[in-house]
Amino acid sequence: MTVESVNPVTPVASELREPPLAGGGVPLLGHGWKLARDPLAFMSQLRDHGDIVRIKLGPKTVYAVTTPALTGAMALSPDYIIAGPLWESLEGLLGKEGVATANGPLHRRQRRTIQPAFRLDAIPAYGPIMEEETRALVERWQGGETIDCTSESFRIAVRVAARCLLRGQFMDERAERLCIALASVFQGMYHRMVVPLGPLYRLPLPANREFNRALADLHLLVDEIVAERRASGQKPDDLLTALLEAKDDNGDPIGEQEIHDQVVAILTPGSETIASTIMSLLLVLADHPEQADKVCSEVRTVTGGRPVAFDDVRKLTHTNNVVIEAMRLRPAVWILTRRAVADTELGGYRIPAGADIVYSPYAIQRDPRSYERHLEFDPDRWLPERSKDIPKYAMRPFSVGNRKCPSDHFSMALLTLVTAVLADGFRFEQVPGSVDETRVGITLRPQRLRLKPVPR
Ligand code: HEM
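Heads up: these notes are all about the structure in this document. Source: prediction; values computed, not measured.

Here we come to the coordination of the iron atom of the ligand. When only protein atoms are considered, the iron atom of the ligand has one donor, Cys405 (SG), at a distance of 2.3 Å. Among the structural elements, Cys405 can be located in the loop between α16 (384-387) and α17 (408-425).

What follows is about the site of the ligand. Residues in close proximity to the ligand total 29 residues, the closest being His107, Arg111, Arg338, Arg403 and Cys405. One of the side-chain nitrogen or oxygen atoms of His107 is found 2.6 Å away from an oxygen atom of the ligand. Placement of the ligand is best described as lying within the largest cavity. Elements that contribute at least two residues to the shell around the ligand include exactly α6 (104-114), α12 (256-287), β5 (336-340) and α17.

The next thing to look at is the sheet that holds strand β3 (residues 80-81). The mixed open sheet is built from five strands, whose spatial order is β1-β2-β8-β5-β3. Sheet topology places β1 (52-57) and β3 at the edges, where each strand pairs with a single neighbour. Bridging between strand β2 (residues 60-65) and strand β8 (residues 356-359) involves three bridges; their strand directions are parallel. Bridge pairing in β8 places Tyr63 opposite Ile357.

Next up on the list: helix α13 (residues 289-303). The terminal C-alpha atoms of α13 lie 21 Å apart, and with 15 residues this matches the ideal 21 Å at 1.5 Å per residue to within 8%. For α13, the full list of buried residues reads Gln291, Ala292, Val295, Cys296, Glu298, Val299 and Thr303. Buried residues of α13, seen end-on, are gathered within an arc of 160 degrees and therefore sit on one face of the element. In this structure, the buried side of α13 is in contact with α12, α14 (317-329) and α17. After α13 finishes, the residue Gly304 shows a positive phi value of roughly 65 degrees.

Criteria and thresholds
Residues numbered from 1 in each chain as written. Predicted model: local features only at pLDDT ≥ 70, side-chain atom pairs only at ≥ 80, totals over all residues. Heavy atoms only, no water. Donors = N, O, S within 2.8 Å, 3.2 Å for Na, K, Ca; no water. Helix = DSSP H or I, 4+ residues; strand = E, 2+ residues; numbered from the N terminus. Near = heavy atom within 4 Å. Polar contact = N/O pair within 3.5 Å; in protein donor to acceptor, adjacent residues only side chain to side chain. 1 Å grid on protein atoms, 1.4 Å probe; cavity = no way out; pocket = protein on both sides within 12 Å on 5 of 7 lines; lining within 4 Å. Sits in = over half its atoms within 2 Å of the grid points. Pairing = 2+ DSSP bridges. Expected span 1.5 Å × (residues − 1). Buried < 20%, exposed > 50% of the residue type's maximum accessible area, 1.4 Å probe, protein only. Arc of directions from axis to C-beta. Contact = heavy atoms within 4.5 Å.

Pasting the structure below:
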């Protein structure tokens, strides 16, 4: 089924139905308590109630879209913008002038500024940094000491993003600070989104104080990065120079706040998503030793035993499929929202102007109607002869349309390289005290994964 076939003719308003209300709501909280208690199960079971269903979060009605085709139709339609509780909390905390939350002409201008740094032909220039950082990881792990996967994954994610895109000398200390700041900020934002208790989050409670401290440090880090670049007087060909030299629609330099918010808007999703996905990949390598061996043997066939290089990545097709399959079952970005800007129609249902809409890539990517043996880790389902049967939009971890992640090529190259280098270098075992349950926040990742790397 394609998006085009979902919505061939817009029915007249009187023919449109209101989406059904999902069952199981309770007075005052509606479905909020279910969403807060087990969000992944809650979002996944909504598909049993309809293609679009209404849910109540406190007094608010939110529309949940549950089929791949309708999520694709929504992402490609101009009737929906980035807005809603998730984005409002993001804007309030991370800044109002970054590309991830802007809409309309401002968003288009900002995308034009950042896009060149992420173009397919720009990625090979990042190869040496990605190689260097991946090898540094392997060297640190050679001793076989237990790895704290959270801090190690953040370290490489932050260092690669910062060194490639901001050309900064990003020390481990800053990566560590960013990791701590993002963990608190994203967890706090998630609570604020799911349980919107407004003024209670301003009380001087320890959790609120920790959240505010983390947020302040995040902004301080970004100020440090921008100030350092200015003080250096250098203008390397990178994303930060593009931001510092960007002009607004009148041809004037963009403001300080916009520069700051743009760096936040790129560094934060860039670090959190990549780090979460590396953690999931490490879990895959530990839980599926046969897959780790298969990746290792593909790597050695391609490299003939020399260290993996960035240029090998495009030949590592099985490794790439392991990354995609890991992202299918444990998508870092598991929930997305939009707001309707006009009275509109989706899948034959009436969506009123101002409606908040939510959908879950996690639920879509685990839908048994789209995937045979949907919960099985099976990278070969991405072989061309098999993947052709997977419905369109059933696997869009970077989304589609004008809000599509600019970093899809960058991310896939890095994740494939990291997986190849790690599987080539080590076998992994979980150690006592490792908690591999999924931790749900703004992103998904294993709770507290601790692994012993055994050099091959
Ligand atoms: C947007 C996923 C890595 C920067 C998005 C969106 C998704 C996504 C799904 C669209 C959000 C929406 O539709 O509402 C991912 C995944 C990643 C990843 C799964 C890695 C595993 C990165 C990296 C960067 C980045 C490494 C930057 C260094 C952004 C930005 C946006 C975005 C700036 C906002 C784009 C816009 O609104 O125009 N990402 N991302 N992402 N991502 Fe990523």
